[in-house]
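# Close look at the chain arrangement
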Amino acid sequence: MNKGKGFIEEFKKFIMRGNVMDMAVGVIVGGAFTSIVTSLNQDILTPILGIFGGTDFSNLKLTLGSGEAAPVLCYGNFITAVINFLITAFVIFVLIKGMNAIGDCLKKKEEEAPAAPTTKTCPFCKSEISIEATRCPHCTSMLEE
């Protein structure tokens, strides 16, 4: 009995992890995005391509055999799916490229100014000494400020 309760607790812990919830949101948004891209392809791009090519991809079919029961290859639907994929991949590429550019701009702004120097060179012996030194510890020369 205790083993089952541990399994349930482990499952709850897994479900409530942030990356699982993020993934679930991503899948839901991805589904909505897919319907937008499909509409863009079917309602806008396919008719425009039909003007130039004189054909609508979704109507491209190849009947194998004869008669009403003959199998039909709807390769036009496959072409439409490939176009949907390419559009989706291109849009995601552009979005990620834009997000990376914005992230790079923000990262450059957040970079701190270079740290002030903490050492200087002794003009007499050319040793590296503390910037606050008034006398060189190596050659014991008095330093001008």
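Because the structure is a prediction, the values reported are computed rather than measured. (Residues numbered from 1 in each chain as written. Predicted model: local features only at pLDDT ≥ 70, side-chain atom pairs only at ≥ 80, totals over all residues. Heavy atoms only, no water.)

### Brief notes about the overall build of the protein chain
Cut-off, in case you're wondering: Strands are runs of DSSP state E lasting at least two residues, helices are runs of H or I lasting at least four, and both sets are numbered from the N terminus onward. Think of it in three bands: residues with accessible area under 20% of the maximum for their type are buried, residues over 50% are exposed, and the middle band is partly exposed, with areas taken using a 1.4 Å probe on protein chains only. Every accessible area reported is derived by Shrake-Rupley at a probe size of 1.4 Å, with residue values counting cover from the shown protein chains alone.
On a plain count of helices and strands, the protein chain comes out with three helices and four strands. The buried share among the 145 residues of the protein chain stands at 14%. Accessible area of the protein chain: about 12100 Å², with a carbon and sulfur share of 66%.

### Digging into a nonpolar patch on the surface
Stated formally: Residues enter patches when they are more than 30% accessible in relative terms and free of salt bridges; like-charged ones are connected within 9 Å and nonpolar ones (Val, Leu, Ile, Met, Phe, Trp, Tyr) within 5 Å. The working definition used for a salt bridge is a side-chain nitrogen of Lys or Arg within 4 Å of a carboxyl oxygen of Asp or Glu.
On the surface, Leu62, Leu64, Leu73 and Tyr75 cluster together into a nonpolar patch covering about 360 Å² of accessible area. Topologically, Leu64 is positioned in the loop between β1 (62-63) and β2 (72-73). Judged by its relative accessible area of 40%, Leu64 is partly exposed.

### Considerations on the confidence of the model for the protein chain
Filter applied, for reference: Values of pLDDT, the confidence the predictor places in each residue, fall between 0 and 100.
When pLDDT is averaged along the protein chain, the result is 80; 88% of the residues meet or exceed 70. Across the protein chain, the secondary-structure element scoring lowest on mean pLDDT is helix α1 (residues 2-16), at 77, and the one scoring highest is strand β3 (residues 119-121), at 90.

### A closer look at the nonpolar core
In summary, soluble globular proteins display a tendency toward joint burial of nonpolar side chains. Quick reminder of the rule: Buried residues of nine kinds, namely Ala, Val, Leu, Ile, Met, Phe, Trp, Tyr and Cys, make up a nonpolar core once their side-chain atoms join them within 4.5 Å. Contact definition: two residues touch when any of their heavy atoms are within 4.5 Å.
Core analysis: the largest hydrophobic core is formed by five residues, namely Cys122, Ile129, Ala133, Cys136 and Leu143. The residues touching Leu143, leaving out its near neighbours within four places in the chain, are Lys120, Cys122, Pro123, Phe124, Ile129, Ala133, Thr134, Arg135 and Cys136.

### Focus on unusual backbone geometry
Backbone geometry at Lys126 places phi at a positive 65°, although glycine is not the residue there. Note on Lys126: relative accessible area 60%, which makes it exposed.

### Thoughts on the side chain of Ser141
You can see Ser141 is positioned in the segment after β4 (128-130). For Ser141, a relative accessible area of 19% puts it in the buried group. Contact partners of Ser141, with chain neighbours within four places excluded, come to Phe124, Thr134, Arg135 and Cys136.

### Details of the environment of Cys122
Along the polypeptide, Cys122 turns up in the loop between β3 and β4. Owing to a relative accessible area of 0%, Cys122 belongs among the buried residues under this scheme. Ignoring any residue separated from it by four or fewer positions in sequence, one finds Cys122 in contact with Ser127, Ile129, Cys136, Cys139 and Leu143.

### Thoughts on the state of the cysteines
Threshold: Cysteine sulfur atoms are paired as a disulfide whenever they come within 2.5 Å of each other.
For the coordinates displayed, the defined rule picks out zero disulfides. Looking at the unpaired Cys125, the closest cysteine sulfur is the one in Cys136, lying at 3.5 Å. By relative accessible area, Cys125 is classed as partly exposed at 30%.

### Describing the environment of Gln42
Inspection of the secondary structure puts Gln42 in helix α2 (residues 18-53). When residues no more than four places from it in sequence are discounted, the contact partners of Gln42 are Pro47 and Thr80.

### Some points on the side chain of Ser127
As for its placement among the helices and strands, Ser127 is situated in the loop between β3 and β4. Not counting residues within four places of it along the chain, the set of residues in contact with Ser127 comprises Lys120, Thr121, Cys122 and His138.

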